[in-house]
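Inside the fold
The residues making up each chain are set out below.
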Amino acid sequence: MTRGNQREEARKRNLKKAEKSGANKKTEGTGANLKNKMENDAEIMRQKQAKAALKKAEADAAAAAKK
């Protein structure tokens with residue numbers, strides 16, 4: 001009726017499996033990679049803001065020309 005250390009053995013097997021698959025490795029969001037990603041995202045946002053500002057300026061110029 002007792003299961004003994006079945007739970008412990010299953011936990012050990014799962015830890016070994018996780019180590020093999022690399023599930024615990026964190027390389028994406030560390031150090032230089034994170035900094036580069038943040039710089040790239042910031043540049044993309046600057047480009048979007050410039051486009052939006054240009055579009056708004058054109059719309060304001062068109063509205064002023066109608067008056």
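Look up: the structure comes first, before these words.
Residues numbered from 1 in each chain as written. Predicted model: local features only at pLDDT ≥ 70, side-chain atom pairs only at ≥ 80, totals over all residues. Heavy atoms only, no water.

The helix and strand inventory of the protein chain stands at two helices and zero strands. By residue count, 1% of the 67 residues in the protein chain fall in the buried class. Surface exposure of the protein chain reaches about 6,900 Å², of which carbon and sulfur atoms provide 54%. (Helix = DSSP H or I, 4+ residues; strand = E, 2+ residues; numbered from the N terminus. Buried < 20%, exposed > 50% of the residue type's maximum accessible area, 1.4 Å probe, protein only. Areas by Shrake-Rupley, 256 points an atom, 1.4 Å probe, with all protein chains shown as cover.)

So, about the pattern of salt bridges. Per the counting criterion, the structure on display carries three salt bridges. The partner of Glu-8 in a salt bridge is Arg-11, with the nearest N and O atoms 3.2 Å apart. Placement of both Glu-8 and Arg-11 in helix H1 (residues 6-21) is noted, with a separation of three residues, approximately one turn of the helix. On the accessibility criterion, Glu-8 (39% relative accessible area) is partly exposed. The residue Arg-46 makes a salt bridge to Glu-43 at a minimum N-O spacing of 2.8 Å. With a gap of three residues between them, Arg-46 and Glu-43 both fall in helix H2 (residues 31-66), about one helical turn apart. Using a relative accessible area of 48% as the deciding quantity, one classes Arg-46 as partly exposed. For Glu-43, a relative accessible area of 37% gives the class partly exposed. (Salt bridge = Lys/Arg side-chain N within 4 Å of Asp/Glu carboxyl O.)

If you check H1, its first and last C-alpha atoms are 23 Å apart, about what 16 residues at 1.5 Å a residue would give, namely 22 Å. Positioned one or two residues after H1, Gly-22 has a phi angle of 80°, which is positive. (Expected span 1.5 Å × (residues − 1).)

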